[in-house]
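Descriptive structure summary
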Amino acid sequence: MSSEANRSNHPMQGESKTSYIQFRREQDFVDCILMGNWSIENNSGFQVRNEWESFFKSNPTVEVFKFQLDSNIDWDSTLVSFLHKCRNDLAEVNKSIDFQALPSGLIQLLELSKPTLLEKKQNEFSLSLELIDDTINYFRDATLSIFSFFGEWISSVVLLITGRSQTRFQDFAVSCRACGASALPIVTLISFLTGLTMAFVGSVQLEKFNAKIYVADLVCLAMVREMGALMVAIIMAGRTGASFAAEIGSMKLNEEIDSLRTFGISPMEFLIIPRTLALLLMIPLLTIYADVVGILGGLVVGTVVMDFSVIHYFEQTQVALQSMWEVYSGLLKSVVFGLIIGLVGCYKGMHSGNDSSSLGRAVTASVVVAVTIIVVVDALFEVTFSYLDLR
């Protein structure tokens with residue numbers, strides 16, 4: 001005999017303190033018989049709700065649910081609330097419900113509990129307004145938090161300049177080493193390959209016009225104006241910015257930042273200022289280094305593939321750099337990029353949650369946000385330089 005047949009011959013009975021429900025199933029039809037004393041005073045119906053949900057989820061093939069009351073049942077609004085919940089559960093999965101066997105008074109109460117079309121629209125409108133309000137509040141709080149963080153950073157820099165800061169030079173030196181010398185291998189590799197790639201791509205196009213020597217101009221101007229600062233910034237955002245977020249977020253997770261505040265030490269001056277200033281100093285130096293390495297990458301292609309002499313290639317590079325503004329513009333970008341990476345990484349670390357998953361999200365967000373802002377700011381720089389006839 002199947003399990004459905006067993007259920008049809010042996011009703012299932014769920015019991016709480018004073019209320020009961022029985023299910024008698026016949027294939028895709030089930031009788032739900034309500035019995036006992038359904039009273040608010042006795043907190044009736046709580047266990048029956050659980051049993052209803054269990055039966056409802058474990059019998060997805062039932063299409064029609066018919067409710068009826070036992071002759072000795074006592075009920076109040078608790079029963080109305082239970083039937084209202086059952087109706088909503090069945091409506092969500094497009095199941096049929098039959099209240100015809102219920103008393104007329106109870107059916108009228110159930111009809112009154114149905115939301116009207118106007119109420120549904122009002123509820124949807126209220127949810128939309130609540131979502132809009134939450135979104136506005138989120139962006140408002142985020143904006144205030146960002147400006148507050150940046151303002152505190154500026155105040156700490158002023159205190160450092162006036163000699164009243166708690167920042168330690170030892171922390172600054174350690175951060176400089178982590179941001180500068182430790183990043184040289186990856187910066188060297190990426191910059192060399194960037195110059196190499198631009199030289200190959202440029203040579204293919206310039207060869208059509210018998211102007212391959214201008215590959216030196218292309219690589220030189222692209223590196224000092226754009227690619228040197230941009231590639232270093234992206235590398236440092238993924239390497240150092242994420243490291244800052246992870247370090248500070250881990251300290252917050254372990255309540256070390258709270259301990260610093262307890263001892264009267266400012267986390268901004270003790271943790272953030274050394275890291276951001278170190279990055280602000282090291283990125284321009286790395287950018288100059290990346291420019292030189294990228295030009296050397298183009299030199300390899302020019303001398304090995306296109307048979308230029310080293311002297312000829314460098315003379316053409318010198319002709320391309322007609323003024324030092326080409327170099328200075330890239331360094332100006334790099335300073336701004338370094339400030340963005342340091343502030344974003346430290347901000348995300350300071351505002352990470354109190355669990356490991358939120359720390360991981362903060363580290364990821366620090367890289368994504370920093371790279372996005374860097375690309376946007378780089379575009380704004382180029383538009384501004386073109387508008388001011390500096391290109």
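What counts, and at which threshold
- Here the residue numbers are simple positions, counted from 1 along each chain's written sequence.
- Under the rules for a predicted model, residues below a pLDDT of 70 receive no local features and side-chain atom pairs below 80 are neither given nor counted, while totals for whole chains, interfaces and linings still include all residues.
- Only hydrogens and water are set aside when side-chain values are computed; all heavy atoms of the structure are taken into account.
- Counting from the N terminus, the helices are the DSSP runs of H or I reaching at least four residues and the strands are the DSSP runs of E reaching at least two.
- For the exposure calls, accessible area comes from a 1.4 Å probe over protein chains only, and a residue counts as buried if that area is under 20% of its type's maximum, exposed if over 50%, partly exposed in between.
- Only heavy atoms enter the contact rule, under which two residues are in contact if any of them lie within 4.5 Å.
- Using a 1.4 Å probe, the Shrake-Rupley method yields the accessible areas, and only the shown protein chains count as cover for residues.
- Only buried Ala, Val, Leu, Ile, Met, Phe, Trp, Tyr and Cys residues count toward a nonpolar core, and they belong to the same one when joined by side-chain atoms within 4.5 Å.
- Polar contacts, as counted here, are pairs of nitrogen or oxygen atoms within 3.5 Å of one another; within protein the pair requires one atom able to donate a hydrogen and one able to accept it, and residues that are adjacent in sequence qualify only if both atoms are side-chain atoms.
- As a per-residue measure, pLDDT tells how confident the predictor is, with possible values from 0 to 100.
- Only when DSSP finds a minimum of two bridges between them are two strands counted as paired.
- A patch consists of residues whose relative accessible area exceeds 30% and which take part in no salt bridge; residues with like charges are grouped when within 9 Å of each other, and nonpolar side chains (Val, Leu, Ile, Met, Phe, Trp, Tyr) when within 5 Å.
- A side-chain nitrogen of Lys or Arg and a carboxyl oxygen of Asp or Glu constitute a salt bridge if their distance falls within 4 Å.
- Helices are assigned an expected span. That span is 1.5 Å times one less than the residue count.
- Axis definition: a line fitted to C-alpha atoms, limited for helices to the stretch in contact. Angles are taken between N-to-C directions and run from 0 to 180 degrees.
- Orientation categories follow fixed angle ranges, with anything under 35 degrees roughly parallel, anything over 145 roughly antiparallel, 65 to 115 roughly perpendicular, and all other angles oblique.
- We call a crossing left-handed when the near helix sits turned anticlockwise from the far one by less than a right angle, and right-handed when that turn is clockwise.
- Asp, Glu, Lys and Arg are counted as charged, while Ala, Val, Leu, Ile, Met, Phe, Trp, Tyr, Cys and Pro are counted as nonpolar; the rest, among them Gly, fall into the polar class.

Along its length, the chain carries 13 helices and 6 strands. In the chain, which comprises 391 residues, the proportion classed as buried is 41%. Considering only intrachain contacts with a sequence separation of at least 6, the fraction spanning at least 24 residues in the chain is 76%. Taken as a whole, the chain presents about 21,300 Å² of accessible surface, with 61% of it coming from carbon and sulfur.

The biggest cluster of nonpolar side chains holds 43 residues, and the ones touching the most others in it are Phe-149, Met-236, Ile-272, Ile-341 and Ile-374. Counting residues per element, the ones that place at least two in this core are α5 (117–161), α6 (169–179), α8 (215–253), α9 (256–262), α10 (267–305), α12 (325–350) and α13 (356–387). Examining the composition of this core, we find that 11 residues originate from one element, α10, more than from any other. Cys-32, Trp-38, Phe-56 and Leu-83 belong to the second-largest nonpolar core, a separate cluster that totals 25 residues.

Quick look at the side chain of Thr-167 now. For Thr-167, the location among the structural elements is in the loop between α5 and α6. Polar side-chain contacts of Thr-167 include one of 2.9 Å to the side chain of Ser-165. Within polar-contact distance, the side chain of Thr-167 engages the backbone oxygen of Glu-269 at 2.7 Å.

A separate point is the confidence of the model for the chain. As a general rule, the predicted coordinates of low-pLDDT regions are not to be interpreted in detail. Per-residue confidence for the chain gives a mean pLDDT of 82, with 89% of residues at or over 70. The lowest-confidence element of the chain is helix α1 (residues 3–9), averaging 38 in pLDDT; the highest-confidence one is α12, averaging 92.

Most of strand β3 (residues 29–38) is tucked away, with 7 of its 10 residues classed as buried. For strand β2 (residues 19–26) and β3, the ladder comprises 8 bridges, and the chain directions are antiparallel. What sits directly across from Phe-23, in β3, is Cys-32. Taken together, β2 and the strand that follows it, β3, pair antiparallel across an intervening segment of 2 residues, in which Gln-27 is found at a positive phi of about 55 degrees. Relative to strand β4 (residues 64–69), β3 runs parallel, the two being bridged by 6 bridges. In the strand pairing of β4, Val-30 is matched with Phe-65. Of the strand pairs in this sheet, β3 and strand β5 (residues 74–75) are connected by 2 bridges, and their pairing is parallel. Its bridge partner being in β5, Asn-37 is matched across the sheet by Asp-74.

Before going further, it helps to spend a moment on a nonpolar patch on the surface. The grouping of Leu-281, Leu-285, Ile-288, Val-292, Leu-296, Val-310 and Phe-314 at the surface amounts to a nonpolar patch, some 570 Å² of accessible area in total. Mapped by element, the contributors of at least two residues to the nonpolar patch are α10 and α11 (310–320). Among the elements that line the nonpolar patch, the one with the most residues is α10, at 5 residues. Relative to the helices and strands, Leu-296 resides in helix α10.

So, about the pairing of β4. Residues Phe-65, Phe-67 and Leu-69 point to one face of β4 and are all buried, whereas Val-64, Lys-66 and Gln-68, pointing to the other face, are not buried. Across 3 bridges, β4 lies against strand β6 (residues 96–98) in parallel orientation. Along β6, the bridge assignment pairs Phe-65 with Ile-97.

What follows is about helix α3 (residues 77–92). Between the first and last C-alpha of α3 there are 23 Å, a value that for 16 residues agrees with the 22 Å anticipated at 1.5 Å per step. Listed as buried for α3 are Thr-78, Leu-79, Val-80, Phe-82, Leu-83, Lys-85, Cys-86, Arg-87, Asp-89 and Leu-90. In the stretch just after α3, Asn-94 is the one whose phi turns positive, near 60 degrees.

For the rest of this paragraph, the subject is the packing of α8 against α12. At a minimum axis separation of 8 Å, α8 and α12 run at an interaxial angle of 15 degrees. Regarding the angle of α8 to α12, the classification is roughly parallel. Here α8 and α12 pass one another in a crossing that is right-handed. Its residues assigned to classes, the contact of α8 with α12 shows 15 nonpolar, 7 polar and 6 charged.

Between α8 and α11, the least distance of the axes is 8 Å, while the angle of their chain directions is 55 degrees. As judged from the angle between their axes, α8 and α11 are oblique. The element α8 and its partner α11 pack so that their crossing is right-handed. Residues Val-215, Ala-216, Asp-217, Val-219, Cys-220 and Leu-221 of α8 form the contact with α11, whose participating residues are Tyr-313, Gln-316, Thr-317 and Ala-320. Residue composition of the contact of α8 with α11, by class: 7 nonpolar, 2 polar and 1 charged.

In total, this model carries 9 salt bridges according to the counting rule given. A salt bridge links Glu-226 to Lys-333; the nearest nitrogen and oxygen atoms lie 2.8 Å apart. One end of the pair, Glu-226, is in helix α8; the other, Lys-333, is in helix α12, and 107 residues separate them in sequence. Summarising the burial analysis for this pair, Glu-226 and Lys-333 share the class buried. For Asp-258, the salt bridge is made with Arg-261, and the minimal N-O distance between the two is 3.7 Å. Taken as a pair, Asp-258 and Arg-261 lie in helix α9 at a separation of 3 residues, close to a single helical turn. Among the residues examined, Asp-258 registers a relative accessible area of 42% and is labelled partly exposed. Residue classification places Arg-261 among the partly exposed residues on the basis of a relative accessible area of 48%. It is possible to trace a salt-bridge network through shared partners that takes in Glu-226, Lys-333, Asp-378 and Glu-382.

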